[in-house]
Amino acid sequence: MTQLDDTQLARRLADPTTRADAFRAAVQQYGEQMYWQARRLVRWHEDADDVVQNAFVKAWTHLDGFRAESTVRTWLMRIVINEALDHRRRNKHEAESDPETLAAQLQADPYFDGDATQLMLEQALQQLPPVQRTVFHLRYYDEMPYQQMSETLGTSVGALKASYHHAVKKIADFFHQHE
């Protein structure tokens, strides 16, 4: 299947005769990006799969609500992030693991291939409040510009910059405490 740009996707999603094919194209085009975004936020492969599946179901059922005021990718990303944050809230006990338990779980995860520094970064990230963790992921891993983050998360650029700054400081403090 040929990749469509967001304008073509949006146009085809709006047309009931091409909607299903366009949605399949969007899932194919953005599915992996959405998975990795969810994975960074919820940590485990199975949870990320569930989050992405639920997000795509929500996107399909709320397709009439898509007004093309943002790109299809941004719209889907917003749904995935919200679903991941909801998942974390529903499973708060999992998010509160102590650093040693988290380290053991990550090392046992067949999908985790990081070194000791990556493991420590993951531990630091799990200590952050969900919003700061999300902003850090979007900025650091996805290199998403603040303006696009603002559209995705529905908050101001200034608030995002402050969240990112606080996240970086807390991560640095975590590394200093564990030297």
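Overview of the structure. Since this is a predicted model, take the numbers as computed values, not measurements.

Examining the overall build of the protein
Link 1 in the chain: When helices and strands are counted, the protein shows 10 helices and zero strands.
Link 2 in the chain: Listed N to C, the secondary structure of the protein is α-α-α-α-α-α-α-α-α-α in terms of helices and strands.
Link 3 in the chain: Within the protein, the fraction of its 179 residues that count as buried is 47%.

Here's the deal with the environment of Leu153
Link 1 in the chain: Assignment of secondary structure puts Leu153 in helix H9 (residues 146–153).
Link 2 in the chain: Overall, Leu153 belongs to the partly exposed group, its relative accessible area being 28%.
Link 3 in the chain: Once you skip the residues sitting within four places of it in the chain, Leu153 turns out to touch Ile81, Thr134, Val135, Leu138 and Leu160.

Focus: the nonpolar core
Side chains of a nonpolar character, in soluble globular proteins, are inclined to be buried together.
Link 1 in the chain: Ranked by internal contacts, the top residues of the largest apolar core, which has 47 residues, are Leu9, Met34, Val72 and Leu76.
Link 2 in the chain: No other element matches helix H2 (residues 19–42), which puts 10 residues into this core.
Link 3 in the chain: In this view, Val72 contacts Asp6, Leu9, Ala10, Leu13, Ala26, Tyr30 and Phe66; residues no more than four positions away in its chain are not counted.

What to know about the packing of helix H7 (residues 116–126) against helix H8 (residues 130–141)
Link 1 in the chain: The geometry of H7 relative to H8 is characterised by a closest axis approach of 10 Å and an angle of 140° between their N-to-C directions. By the angle between their directions, the pair H7 and H8 is classed as oblique. Counting all contacts with H7, which are made through Gln118, Leu121, Glu122, Leu125 and Gln126, the residues of H8 involved are Arg133, Phe136, His137 and Tyr141.
Link 2 in the chain: Along the lines of polarity and charge, the residues of the contact of H7 with H8 split into four nonpolar, three polar and two charged.

Quick notes on the packing of aromatic side chains
The geometry of two aromatic rings is summed up by the distance between their centres and the angle between their planes.
Link 1 in the chain: Summed over the entire model, instances satisfying the criterion amount to nine aromatic pairs.
Link 2 in the chain: Where Tyr140 meets Tyr141, the ring centres are 5.1 Å apart and the plane angle is 85°; that geometry is what we call edge-to-face.
Link 3 in the chain: Overall, the relative accessible area of 27% leaves Tyr141 in the partly exposed class.
Link 4 in the chain: Three or more aromatic residues joined by ring pairs make a cluster, and in this case those are Phe136, Tyr140, Tyr141, Tyr146 and Tyr164.

Comments concerning helix H4 (residues 72–90)
Link 1 in the chain: With 19 residues, H4 should cover 27 Å at 1.5 Å per step; its first-to-last C-alpha distance of 27 Å lies within 8% of that length.
Link 2 in the chain: For H4, the tally of buried residues reaches 14 of 19 residues, placing the bulk of the element in the interior.

Topic: the side chain of Gln37
Link 1 in the chain: Its place among the elements puts Gln37 in helix H2.
Link 2 in the chain: Classification of Gln37 by relative accessible area gives buried; the value is 0%.
Link 3 in the chain: With residues up to four places along the chain from it excluded, the contact list for Gln37 reads Met77, Ile81, His137, Leu138 and Asp142.

Thresholds applied
- Think of each chain on its own: its residues are numbered from 1, step by step along the sequence as written.
- Selection of residues for local features in this predicted model requires a pLDDT of at least 70, selection of side-chain atom pairs for listing and counting requires 80 or more, and totals for whole chains, interfaces and linings are taken over all residues.
- Water and hydrogen atoms were dropped before computing side-chain values, which therefore reflect all heavy atoms in the structure.
- The helix count covers DSSP runs of H or I at least four residues long, the strand count covers runs of E at least two residues long, and both are numbered beginning at the N terminus.
- Here the term buried applies to any residue with accessible area under 20% of the maximum for its type, exposed to any over 50%, and partly exposed to those in between, with areas from a 1.4 Å probe on protein chains only.
- What makes two residues a contact is simply this: any of their non-hydrogen atoms within 4.5 Å.
- In plain words, nonpolar cores are sets of buried Ala, Val, Leu, Ile, Met, Phe, Trp, Tyr and Cys residues tied together by side-chain atoms within 4.5 Å.
- Here an angle of 0 to 180 degrees is reported between the N-to-C directions of two axes, which are lines fitted to C-alpha atoms, with helices fitted over the stretch in contact.
- Roughly parallel covers angles under 35 degrees, roughly antiparallel covers those over 145, roughly perpendicular covers 65 to 115, and oblique covers all other angles.
- Charged means Asp, Glu, Lys or Arg here, nonpolar means Ala, Val, Leu, Ile, Met, Phe, Trp, Tyr, Cys or Pro, and polar covers whatever is left, Gly included.
- Two rings from Phe, Tyr or Trp (for Trp, the six-membered ring) form a pair when their centres are within 6.5 Å of each other. A pair whose planes differ by under 30 degrees is stacked, one over 60 is edge-to-face, and the rest are tilted.
- A helix is expected to span 1.5 Å multiplied by its residue count minus one.

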